[in-house]
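Spelled out from the first residue to the last, the chains are:
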Amino acid sequence: MIKENLKTVEENIKAACERAGRKREDVTLIAVSKTKPVEDIMEAYEAGIRDFGENKVQELCDKYEVLPKDIRWHMIGHLQKNKVKYLIGKTVLIHGVDSYELACEINKRSEQKNVVSDILIEVNIANEETKFGIRPDTAFALISQIMELSYVNVKGLMCIAPYVVVSEQNREYFQKMLKLDVDITNKLSNNRRMDVMSMGMTCDYETAIEEGATMVRVGTGIFGERDYSKKT
Ligand SMILES: *Cc1c(COP(=O)(O)O)cnc(C)c1O
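Heads up: these notes are all about the structure in this document. Note that residues are indexed from 1 along each chain, following the sequence as it is written. The predicted origin of the model limits local features to residues at a pLDDT of at least 70 and limits the giving and counting of side-chain atom pairs to 80 or more, whereas totals for whole chains, interfaces and linings rest on all residues. Side-chain numbers come from the whole structure's heavy atoms, not from hydrogens or water.

Some words on the nonpolar core
- Core analysis: the largest hydrophobic core is formed by 65 residues, its most contacted members being Phe52, Ile106, Ile121 and Ile146.
- Segments assigned H or I by DSSP are reported as helices when at least four residues long, segments assigned E as strands when at least two residues long, and all are numbered from the N terminus. In terms of residues, this core owes the most to one element, helix H1 (residues 2–20), which gives six residues.
- Setting aside anything within four residues of it in sequence, one finds Ile146 in contact with Val97, Ser99, Tyr100, Ala103, Ile119, Ile121, Val152 and Val154.
- What makes a nonpolar core is a set of buried Ala, Val, Leu, Ile, Met, Phe, Trp, Tyr and Cys residues whose side-chain atoms join them at distances within 4.5 Å. Per-residue accessibility, obtained with a 1.4 Å probe over protein chains only, is compared with the maximum for each type, and a residue is labelled buried under 20%, exposed over 50%, and partly exposed between these values. Ranked by size, the runner-up nonpolar core spans six residues in total, among them Ile30, Met158, Val196 and Met215. Contact criterion: two residues are considered in contact whenever any of their non-hydrogen atoms come within 4.5 Å of each other.

As structure tokens, then:
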């Protein structure tokens, strides 16, 4: 089932890239494996997937221990400061940074391990009360501040758009994200670039790609519905 789902998602990504005149290589598919067992991850791995997303530190660390070392782990969930120390060195990218304090903790723990951690700034693009992320108009100030830190590297922006039934409904938010990314890049000196745009989930990744996403995070569309009543 996972293999077939991946084929469909891959076809959809290709088609969206074509519609937008973009290259397939410019979009990374992150398979969101939260709550799913390692057998499911291995099935996707054997189908060629190397980028996986988790939203809990403990779960990511447990899976990191037992799964192949060439997997690129993405921390996509809200990160608590007291958990940062367990995570550093295990992720290729931390998607949900939304405060200077959190960035400082990542910086401090990264320095201790002598690594530089790549991060994204989470933007609450639709101003939803229930969501984490910063207000778009505060993004430039926060990014400038974080860029002073030596052991974190801001690679771009991330958002979790509203849950929608029709992908099209989120187009305006993806357009806002792209505009924000361009505005910030233009304001930044010394050719620092904000190349990564992590946006789009099962309900809206095709529209996100049409509007410039470089990473899409797809869970249900690959692994099926999540069952939160079961322990993994
Ligand atoms: C769970 C999750 C996803 C994947 O959601 P689906 O709707 O299952 O594709 C993507 N991004 C984040 C931040 C998530 O927590």
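Details of the packing of H1 against helix H2 (residues 38–46)
- Running from N to C, H1 and H2 cross one another at 50°; their axes reach a closest spacing of 9 Å. Overall, the two elements H1 and H2 adopt an arrangement that is oblique. Handedness of the H1/H2 crossing: right-handed. Between H1, through Ile2, Lys3 and Leu6, and H2, the contact on the second element is made entirely by Asp40, Glu43 and Ala44.
- Under the grouping applied here, Gly and all other residues not named as nonpolar or charged are polar, the nonpolar ones being Ala, Val, Leu, Ile, Met, Phe, Trp, Tyr, Cys and Pro and the charged ones Asp, Glu, Lys and Arg. Here the residues of the contact of H1 with H2 sort into three nonpolar, no polar and three charged. Angles here are taken between N-to-C directions and fall from 0 to 180 degrees, while the axes themselves are lines fitted to C-alpha atoms, restricted in helices to the stretch in contact. Each angle gets one of four labels, with under 35 degrees taken as roughly parallel, over 145 as roughly antiparallel, 65 to 115 as roughly perpendicular, and the rest as oblique. For any helix crossing, the convention is left-handed if the near helix is rotated counterclockwise from the far helix by under a right angle, and right-handed if that rotation is clockwise.

Digging into the pattern of salt bridges
- Here, a salt bridge means any side-chain nitrogen of Lys or Arg that lies within 4 Å of a carboxyl oxygen of Asp or Glu. Taken as a whole and assessed by the stated rule, the structure comprises 14 salt bridges.
- Across the salt bridge formed by Arg171 and Glu168, the nearest N and O atoms sit 2.6 Å from each other.
- With relative accessibility at 17%, the residue Arg171 sits in the buried group.

Concerning the pairing of strand S4 (residues 91–97)
- Most of S4 is tucked away, with six of its seven residues classed as buried.
- Bridging between strand S3 (residues 72–75) and S4 involves three bridges; their strand directions are parallel. Counterpart to His74 in the pairing with S4 is Leu93.
- The pairing of S4 with strand S5 (residues 117–122) spans two bridges and is parallel. Each residue of the ladder has a partner; that of Val97, found in S5, is Ile121.
- Crossover handedness is defined here as right-handed if the route from the first strand over the helix to the second strand goes clockwise, with the strands pointing away from the viewer. Once the chain exits S4 it traverses helix H5 (residues 100–113) before rejoining the sheet at S5, and the crossover so formed is right-handed. Following DSSP output, two strands are said to pair if at least two bridges run between them.

Quick word on helix H7 (residues 171–187)
- For a helix, the expected span equals 1.5 Å multiplied by the number of residues minus one. Along its 17 residues, H7 runs 25 Å from first to last C-alpha, staying within 8% of the 24 Å computed at 1.5 Å per residue.
- Listed in full, the buried residues belonging to H7 are Arg171, Tyr173, Phe174, Met177, Leu180, Asp181 and Ile184.
- Looking at the buried positions of H7, the neighbouring elements they touch are helix H6 (139–146), strand S6 (152–158), strand S7 (196–198) and helix H8 (205–210).

Considerations on the site of the ligand
- Around the ligand sit Val32, Lys34, Ile76, Met158, Ile160, Met201, Thr202, Arg217, Val218, Gly219, Thr220 and Arg226, and those are all the residues in its vicinity.
- The definition of a polar contact used here is a pair of N or O atoms within 3.5 Å, where within protein one atom must be able to donate a hydrogen and the other to accept one, and adjacent residues in sequence count solely through side-chain atom pairs. In the environment of the ligand, an oxygen atom lies 2.4 Å from a nitrogen or oxygen atom belonging to the side chain of Thr202.
- Arg226 is positioned with one of its side-chain polar atoms (N or O) 2.8 Å from an oxygen atom of the ligand.
- Here the Shrake-Rupley method, with its probe set to 1.4 Å, supplies the accessible areas, and only the displayed protein chains count as covering residues. Protein chains bury 90% of the 390 Å² of accessible surface belonging to the ligand in isolation. Each residue is tested against the molecule or strand, and it is near if at least one of its non-hydrogen atoms lies within 4 Å.

Focus on the environment of Ile146
- Residue placement: Ile146 occurs in helix H6.
- When its relative accessible area of 0% is taken as the criterion, Ile146 is described as buried.
- Along the sequence, Ile146 and Cys104 sit 42 residues apart, while their C-alpha atoms lie 7.9 Å from each other.

Some thoughts on the environment of Thr207
- On the secondary structure map, Thr207 appears in helix H8.
- Classification of Thr207 by relative accessible area gives buried; the value is 3%.
- In the structure, Thr207 is positioned 178 residues away from Leu29 in sequence and 14 Å away in space, judged by C-alpha atoms.
- Apart from residues no more than four positions distant in its own chain, Thr207 is found in contact with Ser167, Glu168, Arg171 and Phe174.

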